[in-house]
Amino acid sequence: MSKLIKTIERVIEEQNIQFVSFDVFDTLVFRKVAKPTSIFAEAFGDVSSTQSVGMSPGEYEELRHYAEIRCKQKSASSEVSLEQIIDSLPFDLTLRQSLLAAELAAEQRFGFIDKDLKALILQLVANNNLKIVFISDMYLSAQQIRDCFFSHEPELQDIPLFVSSELGVSKSNGGLFKAVSKQVNQAYDTWLHIGDNLIADIKNADMFGIHTIHAGPDLDVKSIQNAESKLFSSQCRFNALRHITSTHQPENAQAGAFQLASFIWGPALLSFCDWIIDKAIARQVSTVLCLMREGEVFAPLIQKRLAQRNIGGFRVIKLYVSRKSTFWPSVDTNTKHWFADLIDIYIKRRGYSIANFYSDFMLEADDVLAEYKNVEFRTADSVYVGDCSLLSLLSERAESVKNAVKNRIDTEKRYLQQYVDSVAGVSFSECITVDLGNGGTIQNHLELALNKRAAGNLLFYSTNRIYDRIATCYESFIGAHNNQYNLRRLLWRSPECIESFLLGNTGTTLFYDENAEPVLGEPTSQNKYAVESFYQGAEAFFEQFHRYGFNTINDGDVIIILARFLRLPTQKESKVYTGLYHQDNFGADQIYPVVSEQQIEEVKRLGIDSVIDRFYEHEQWQIGKLHWPQAICSLLDAHLLYRREGLVLNDNNQNIQRLIEVLEERQWRKFTVCGGGIFFEQFYQAASSQMFKVERIVDRKAEINGQYELCGLEVLSLKKALLSGSRRFAITSFAFKDEIAKNIIAIARDMGVEQQVEIVSV
């Protein structure tokens, strides 16, 4: 049972609730389309297939959307019906009638109900001490909603349904709560309302003393999906499923980690698993070797997807290997320069210390180790011990134990071969390997050590590092064939955004003992709760995807979801990583926080705008020091990345919320608004419902045409507003906010009241 369901049950019991109302859309009812307005395009596509209209579905979707806005502007109550909206379209009567019928048919075809919430509602209906109703801000009538979404739900059809389009009042201004209370004679203090909209369903209901529960993810889903749509042209038809899965998180899960999986990584992992299965079927290979430690997550998810697709005959095996455990066995000691090549590899390895070198080459501890153990081996040629460079000194000492090193390599090669043979049960050439990817190092090591090629080496993503190992063939889920939005480079630059979650609670494989059994290092215990919650989220998405009858997710949708995530992580997403640690994958010698206070302070020192500019000029800048610069910048300024992309200016809901937050911080309860456009009308509804008082409106139209009324308020010129006593101004025109602010100051200065004037804007 989800935390949401348990919370609803607990509040009903503890607060003596007698009346429970549920919002309808995006709480109980969802659509299998990318966004609600996509229904318009679907309806138009049905009509245009039989009638010549001369417009694309996308153009009609936009027309239909703005027709609704214009109808609401002309309505005294701002509430309109679907018939009124369709009648305002610039088409003849026959076409309008076809579009009306097609839209209702599309709603019915694509609509579906949250099964867990439905089960709860039916349980509550059976309780004779409770009255259950639905309430909705919607242009559809109550009967249309029943016909479209409850036609196969007789128990839901009987539940009273109150709709804003019929009552002429909405939750957005609080009027619908009043109307329902009056009609059913219900007191507010024994009323519980459940809904997804934090303003209309939660804040506005709270104002009346109604108990409320938010039914929705904690993540900034509106900002996320707005960015996916506007920057990347997303058409993910499973968006509602992301929402439902994230809403129904388990009570014992860490919310941030669970929702990162259910909303972001779950779709990517499901599509990846399907791709692996399809590749294996095409090759007629039945043994899948999931390379550890990512195999801790990949293996059970592949098995789950096989079961969901009703595919049998596959063996999915966790193969305990790592770059460290396969490196020595992969060395070919029969080549002429194998030893020099071995040392050259270590010179290039970032983070490899002198202490690591002593351990790997079995050198006895001495004064050199004591003094230089923390020095990176790759800098040893610039460090001198007397007249000799540290690199030369260590190379000579390593040469003296060359035979011992060769014996070690031969032994470790034999142990690895025995381990793989015993676990795989078939020849390595009859297996496919699965790994997160990047450079494909482990796969190359395995093929060299076993002297066999795998039937396939499948990577979640790859970089051009795979071509450093030209003898090994790789295939990538995200690779050269679909590398959009620079996603591969971003994943390569900041793998910490996912690796820490995929490593599970298992230590890295260090080597194989004399019984050819893997010896593991210590797991990153700090991540245990987050990793478990992440897996719960991924598994939950898989289960809900299958439960609601979805079939596949294409890689294009995955790329969009991940590109947005890597480039524009929200502040809530980024906060998850402040408690997450990453373990160096070559021997687990280092454990470090993905986002640390030290990194945050460094970004503050450099300046966040400068950091982002320098990062996009050269992605390797500060690599290994600032692991994920975008996340750090979002922690310091929640809106920076979205502001730079122009997304904040385009999101009225977000701007309204921010402006109200500013007003609350200033403790303004009464003020004058500058700007009388569409944004003002939406802002006015939200502000009024929260007991803010707009005293008057200032707009340029009043300068030209004289004083008029809007929403029952006077619209004046700026000078007349100042003369009428206005001193606090909230600017709701974003295109001209700087000019308006300057104008207010200039006229106030001329009138001698400049010091009394205060201005806020977003």
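Now for a look at the structure at hand.

Here we come to the overall build of the chain. The number of helices and strands found in the chain is 36 helices and 24 strands. Across the 762 residues in the chain, those meeting the buried criterion constitute 55%. Considering only contacts within the chain whose residues lie at least 6 apart along the sequence, 72% involve residues at least 24 apart. Of the roughly 32500 Å² that the chain leaves accessible, carbon and sulfur atoms contribute 46%. Averaged over its 80 positive side-chain charges, the chain has a centre that lies 3 Å from the centre of its 96 negative ones.

This part takes up the environment of Ala255. The topology assignment puts Ala255 in helix α14 (residues 255-283). Put simply, Ala255 and Trp328 are 73 residues apart on the chain and 41 Å apart in space, counted from C-alpha to C-alpha.

Trp265, Ile302, Phe460, Phe501 and Tyr577 are the most contacted members of the largest nonpolar core, which totals 92 residues. Ranked by residue count, the leading element in this core is α14, at 15 residues. Beyond its immediate stretch of four places on either side in the chain, Phe460 contacts Trp265, Ala268, Phe272, Asp435, Leu436, Phe477, Ile478 and Leu562.

This brings us to the side chain of Gln249. Looking at where Gln249 falls in the secondary structure, it is placed in the loop between α13 (239-247) and α14. Looking at Gln249, its side chain comes within polar contact range of the side chain of Gln259, at 2.6 Å.

What follows covers the sheet that holds strand β24 (residues 758-760). The strands that make up a sheet are held in pairs by hydrogen bonds between backbone atoms, and each pair lies either parallel or antiparallel. The six strands lie next to each other as β21-β22-β20-β19-β23-β24, forming an open sheet whose pairing is mixed. Since the sheet does not close on itself, it has two edges, and those belong to β21 (708-710) and β24, each with one partner. Sheet twist, expressed as the average angle between the axes of neighbouring strands with direction ignored, equals 35 degrees. Here three bridges tie strand β19 (residues 670-674) to strand β23 (residues 728-731), and the two strands are oriented parallel to one another. Each residue of the ladder has a partner; that of Cys674, found in β23, is Ile731. Across the sheet, helix α36 (residues 737-750) is in contact with β19, β23 and β24; its angle to β23 comes to roughly 165 degrees.

Time to look at the pattern of salt bridges. Side chains that differ in charge, positive against negative, can pair when their charged atoms come close. All told, the structure shown has 40 salt bridges when counted by the stated rule. A salt bridge links Arg237 to Glu42, with the nearest nitrogen and oxygen atoms 2.4 Å apart. Here Arg237, found in the loop between α12 (221-232) and α13, pairs with Glu42, found in helix α2 (residues 38-48); they are 195 residues apart in sequence, far enough to count as distant. The partly exposed category is assigned to Arg237, whose relative accessible area is 39%. A salt bridge links Arg283 to Glu475; its shortest N-O distance comes to 2.0 Å. With Arg283 in helix α14 and Glu475 in strand β14 (residues 475-478), this residue pair connects regions lying 192 residues apart in the sequence. For Glu475, a relative accessible area of 19% gives the class buried.

Counted at 1.5 Å a residue, the expected span for helix α21 (residues 402-424) with its 23 residues is 33 Å, and the 33 Å between its end C-alpha atoms agrees. Every buried residue of α21 is listed here: Val405, Arg408, Ile409, Glu412, Lys413, Tyr415, Leu416, Tyr419, Val420 and Ala424. Once α21 finishes, Gly425 follows within two positions and takes phi at roughly 75 degrees, a positive value.

Here Arg146 shows up in helix α7 (residues 142-149). Note on Arg146: relative accessible area 16%, which makes it buried. For the pair Arg146 and Glu661, spaced 515 residues apart in the sequence, the C-alpha separation amounts to 37 Å. In contact with Arg146, other than residues within four places in its own chain, are Ser151, Gln157, Ile159, Pro160 and Leu161.

In total, this model carries 43 aromatic pairs according to the counting rule given. For the ring pair Phe339 and Phe361, a centre distance of 6.0 Å and an interplane angle of 85 degrees mean the geometry is edge-to-face. Placement of the pair is Phe339 in helix α17 (residues 338-347) and Phe361 in the loop between α18 (354-360) and α19 (367-372), with a sequence separation of 22 residues. Each of the two residues, Phe339 as well as Phe361, counts as buried. Their ring planes at 85 degrees and their centres at 6.2 Å tell us that Tyr352 and Phe377 sit as a pair that is edge-to-face.

Let's shift gears to the pairing of strand β9 (residues 315-319). On a regular strand, each side chain points to the face opposite its neighbour's, so the side chains alternate between the two faces of the sheet. For strand β8 (residues 287-291) and β9, the ladder comprises five bridges, and the chain directions are parallel. Paired with Leu289 across the two strands is Ile317, which belongs to β9. Crossover handedness for the path β8 to helix α15 (residues 295-308) to β9: right-handed.

With respect to topology, five strands assemble into an open sheet ordered β9-β8-β12-β13-β14, the strand pairing being parallel. On the outer flanks of this sheet lie β9 and β14, each paired with one strand and no other. Adjacent strand axes in the sheet meet at a mean angle of 25 degrees when their direction is disregarded. Two elements, β8 and strand β12 (residues 431-438), share four bridges in a ladder whose sense is parallel. Counterpart to Thr287 in the pairing with β12 is Cys431. Contacts between α14 and the sheet are confined to β8, β12, β13 (456-462) and β14, with β13 contributing the most and set at about 160 degrees to the helix. Along the sheet face, α21 touches β8, β9 and β12 and points at about 155 degrees away from the line of β9.

Calculation notes
- Residues numbered from 1 in each chain as written.
- Predicted model: local features only at pLDDT ≥ 70, side-chain atom pairs only at ≥ 80, totals over all residues.
- Heavy atoms only, no water.
- Helix = DSSP H or I, 4+ residues; strand = E, 2+ residues; numbered from the N terminus.
- Buried < 20%, exposed > 50% of the residue type's maximum accessible area, 1.4 Å probe, protein only.
- Contact = heavy atoms within 4.5 Å.
- Areas by Shrake-Rupley, 256 points an atom, 1.4 Å probe, with all protein chains shown as cover.
- Lys, Arg positive; Asp, Glu negative; His and termini not counted.
- Charge placed at Lys NZ, Arg CZ, Asp CG, Glu CD.
- Core = buried A, V, L, I, M, F, W, Y, C linked by side-chain atoms within 4.5 Å.
- Polar contact = N/O pair within 3.5 Å; in protein donor to acceptor, adjacent residues only side chain to side chain.
- Pairing = 2+ DSSP bridges.
- Axes fitted to C-alpha atoms, helices over the stretch in contact; angles between N-to-C directions.
- Salt bridge = Lys/Arg side-chain N within 4 Å of Asp/Glu carboxyl O.
- Expected span 1.5 Å × (residues − 1).
- Phe/Tyr/Trp six-rings, centres within 6.5 Å; stacked < 30°, edge-to-face > 60°.
- Right-handed = clockwise from strand over helix to strand, strands pointing away.

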